[in-house]
Amino acid sequence: MSAEVPEAASAEEQKEMEDKVTSPEKAEEAKLKARYPHLGQKPGGSDFLRKRLQKGQKYFDSGDYNMAKAKMKNKQLPAAAPDKTEVTGDHIPTPQDLPQRKPSLVTSKLAG
Amino acid sequence: MWCFSQVKGAVDDDVAEADIISTVEFNHSGELLATGDKGGRVVIFQQEQENKIQSHSRGEYNVYSTFQSHEPEFDYLKSLEIEEKINKIRWLPQKNAAQFLLSTNDKTIKLWKISERDKRPEGYNLKEEDGRYRDPTTVTTLRVPVFRPMDLMVEASPRRIFANAHTYHINSISINSDYETYLSADDLRINLWHLEITDRSFNIVDIKPANMEELTEVITAAEFHPNSCNTFVYSSSKGTIRLCDMRASALCDRHSKLFEEPEDPSNRSFFSEIISSISDVKFSHSGRYMMTRDYLSVKIWDLNMENRPVETYQVHEYLRSKLCSLYENDCIFDKFECCWNGSDSVVMTGSYNNFFRMFDRNTKRDITLEASRENNKPRTVLKPRKVCASGKRKKDEISVDSLDFNKKILHTAWHPKENIIAVATTNNLYIFQDKVN
């Protein structure tokens, strides 16, 4: 993501530039805001916390899956992009897409 | 003067996810050391009896028992994947020949019994030695079965399973000083259990807002007071610690004490709240103090003073000018733990580049050491490390930009009585000892 050059300095931005001299933290904040101008106003707030609470959520609807399989017949179902993080839209997860959740049958290497 | 003692785990750099160590804990005597990993396995090491002849080092830790504590699950009702990663292990004080520990993943706590078997009965009348039944008509004489010694076998069995009490992810468990009850804490709630009762638990803290849109903070850690069985604390993602007294009411939503350091509003930045989030809280053995770990520092609080910590130690202040990158690579959300030594005079916590830090509360001196296989001859004294924040880097110093942020030491433990420490890198366990003599 390329760094975006800030617009002509307003009074607020002037203060921010002054702060850069005194606070490394504020300098880092300015850097971040330059890269992600749409970053939420409430940093530690709801969005971030809610994402934390939703850890582990995986969506698979067997009805959708079977309907899609029936419709497509022999054709392949639309597969996920290799670097997907969330399942959305047209993509119907297949058993191959979901990571295998098998318990470790191997003894820990710490005990080796 | 700290010396290398042992290192456990694979040498290769390609780390399997299951091998990532997620918790380390000594038992109350220090004789046993337990580790939990992301693959849901527990490995317990036992210190060998001290060899009186080799008095220059204390006993080594060898594998005592290993078992699969938790397995991955899928909650079909909520479409939720439940990781088998062991979040915490806590030992019960020893009451009889067997050892007991609690281990927990995100959703389920288990009580494990670890027992030794070193003799077996032989000489049955109705059974052969291999277990086959004898024809009763061939029995002409009777004998009394006797116990004969056998090779030591250590068995782990799950004695209690405490399930279905947490909607959110369990981050802490803590055994009460009454040795009968314990608490488990998730992001929004804390439950009180009796060790004998698995089908019921009492909710003692609930910070879930009626409207989840209003959620502003979560519980990050919780611990019972070491001596007062009615007192516990819990820390939050906003950098506060609440002390609660269970005698005051059944639901401890109103704290008895609120520990919070005032913040200068002009210093506030986007990162302020994130780096103030407390990742660990630990009472001192004395019960007079508690220690908290946030992203950049360790703070010691006197339980009698709520408005500020009595001591603050900077772990890696040089990272303050790197917060932007640390936010982008998610390192800013790393949860470091901290621990006290047996006499509460020194505290320890981990950092990046496989560095860990110790702060002596009396001398006010601190030291940075590295867990690395480079100095792995027993009794090699560890060389102190130094990070150069900016400007001219001296010889032997490491510049901030050369630090490996994938090598994090999140979990450390200190032997309750001796100067022996266990330090976990991503997939290796290091044991260091203070130089004797």
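Residues numbered from 1 in each chain as written. Chains lettered and ligands numbered in written order. Predicted model: local features only at pLDDT ≥ 70, side-chain atom pairs only at ≥ 80, totals over all residues. Heavy atoms only, no water.

Undergrad: Honestly, the overall build of chain B in this entry has me stumped. Any pointers?
TA: Within chain B, the regular secondary structure consists of two helices and 32 strands. In terms of overall size, chain B behaves like a compact globule, its C-alpha atoms giving a radius of gyration of 24 Å where 437 residues would be expected to give roughly 22 Å. Here the C-alpha coordinates of chain B stretch approximately 95 × 55 × 40 Å along the principal axes. Scored against the burial criterion, the 437 residues of chain B give a buried share of 52%. Long-range pairs, those at least 24 residues apart, make up 54% of the contacts in chain B with a sequence separation of at least 6. Counting every atom, chain B has about 20700 Å² of accessible surface; 47% of that belongs to carbon and sulfur. For chain B, the distance from the average position of its 58 positive side-chain charges to the average position of its 66 negative side-chain charges is 4 Å. (Helix = DSSP H or I, 4+ residues; strand = E, 2+ residues; numbered from the N terminus. Rg over C-alpha atoms; globule rule 2.2 N^0.38 Å. Buried < 20%, exposed > 50% of the residue type's maximum accessible area, 1.4 Å probe, protein only. Contact = heavy atoms within 4.5 Å. Areas by Shrake-Rupley, 256 points an atom, 1.4 Å probe, with all protein chains shown as cover. Lys, Arg positive; Asp, Glu negative; His and termini not counted. Charge placed at Lys NZ, Arg CZ, Asp CG, Glu CD.)

Undergrad: How should I be thinking about the sheet that holds strand β8 (residues 88-91) of chain B in this particular structure?
TA: Hydrogen bonds between backbone groups are what pair the strands of a sheet, and the pairing can be parallel or antiparallel. All names here are of chain B. The strand order across the open sheet formed by four strands is β8-β9-β10-β11, and the pairing between neighbours is antiparallel. Each edge of the sheet is formed by a strand with only one pairing partner; in this case those strands are β8 and β11 (146-162). Sheet twist, expressed as the average angle between the axes of neighbouring strands with direction ignored, equals 25°. In terms of strand pairing, β8 meets strand β9 (residues 99-104) through four bridges, oriented antiparallel. Among the inter-strand pairings, Trp91 is bridged to a residue of β9, identified as Leu101. (Pairing = 2+ DSSP bridges. Axes fitted to C-alpha atoms, helices over the stretch in contact; angles between N-to-C directions.)

Undergrad: How do you make sense of the sheet that holds strand β3 (residues 32-37) of chain B when you look at a structure like this?
TA: Residue and element names in this part refer to chain B. Strand order in the open sheet formed by four strands is β2-β3-β4-β5, and the pairing between neighbours is antiparallel. Two strands bound the open sheet, and with one partner strand each, they are β2 (21-26) and β5 (61-68). Across the sheet, the axes of successive neighbouring strands diverge by a mean angle of 20°, strand direction being ignored. Bridge count for β2 against β3 is five bridges, and the pairing is antiparallel. By the bridge assignment for β3, Ile21 is matched with Asp37.

Undergrad: What exactly am I supposed to notice about the pairing of β3 of chain B here?
TA: A regular strand places its side chains so that they alternate between the two faces of the sheet. Residues and elements named next belong to chain B. A large share of β3 lies buried, amounting to six of its six residues. Judged by which residues are buried, β3 turns out to be covered on both faces: Leu32, Ala34 and Gly36 on one side and Leu33, Thr35 and Asp37 on the other are all buried. As paired strands, β3 and strand β4 (residues 41-47) are joined by five bridges and run antiparallel to one another. When the sheet's bridge partners are listed, Leu32 is paired in β4 with Gln46. Connecting β3 to the antiparallel partner β4 that follows it, the hairpin turn spans three residues, and Gly40 within it adopts a positive phi of roughly 80°.

Undergrad: Explain the pattern of salt bridges here, please?
TA: Scanning the model with the defined rule gives 35 salt bridges over all chains in all. In this structure, Lys33 of chain A and Glu29 of chain A form a salt bridge, with 3.1 Å as the shortest nitrogen-oxygen distance. Pair noted here: Lys33 of chain A and Glu29 of chain A are both in helix α2 (residues 24-35), with a separation of four residues, about one helical turn. Judged by its relative accessible area of 13%, Glu29 of chain A falls in the buried class. With a closest N to O distance of 3.2 Å, Glu155 of chain B and Arg117 of chain B form a salt bridge. Here Glu155 of chain B, found in strand β11, pairs with Arg117 of chain B, found in strand β10 (residues 109-122); they are 38 residues apart in sequence, far enough to count as distant. We classify Arg117 of chain B as partly exposed; its relative accessible area is 38%. It is possible to trace a salt-bridge network through shared partners that takes in Lys109 of chain A together with Asp19, Asp37 and Arg41 of chain B. (Salt bridge = Lys/Arg side-chain N within 4 Å of Asp/Glu carboxyl O.)

Undergrad: Could you clarify how one ought to interpret α2 of chain A in this entry?
TA: Think of an α-helix as 3.6 residues a turn; residues three or four steps apart then line up on the same face. When the terminal C-alpha atoms of α2 of chain A are compared, their 17 Å separation across 12 residues agrees well with the 16 Å that a helix rising 1.5 Å per residue should span. Every buried residue of α2 of chain A is accounted for by Glu25, Lys26, Ala27, Glu28, Glu29, Ala30 and Leu32 of chain A. (Expected span 1.5 Å × (residues − 1).)

Undergrad: Is there a simple way to explain the side chain of Asn176 of chain B in this structure?
TA: Position of Asn176 of chain B relative to the elements: it lies in the loop between β12 (172-175) and β13 (181-185). Polar contacts involving the side chain of Asn176 of chain B include one to the main-chain carbonyl oxygen of Cys229 of chain B, which spans 3.0 Å. (Polar contact = N/O pair within 3.5 Å; in protein donor to acceptor, adjacent residues only side chain to side chain.)

Undergrad: Any chance you could explain the confidence of the model for chain B here in plain terms?
TA: Parts of the model with low pLDDT should not have their predicted coordinates read in detail. In this model, chain B carries an average pLDDT of 94, and 98% of its residues clear a pLDDT of 70 or more. Model confidence for the complex: the whole-complex pTM is 0.87, and ipTM, which rates the interface, is 0.74. (pLDDT = per-residue confidence, 0-100.)

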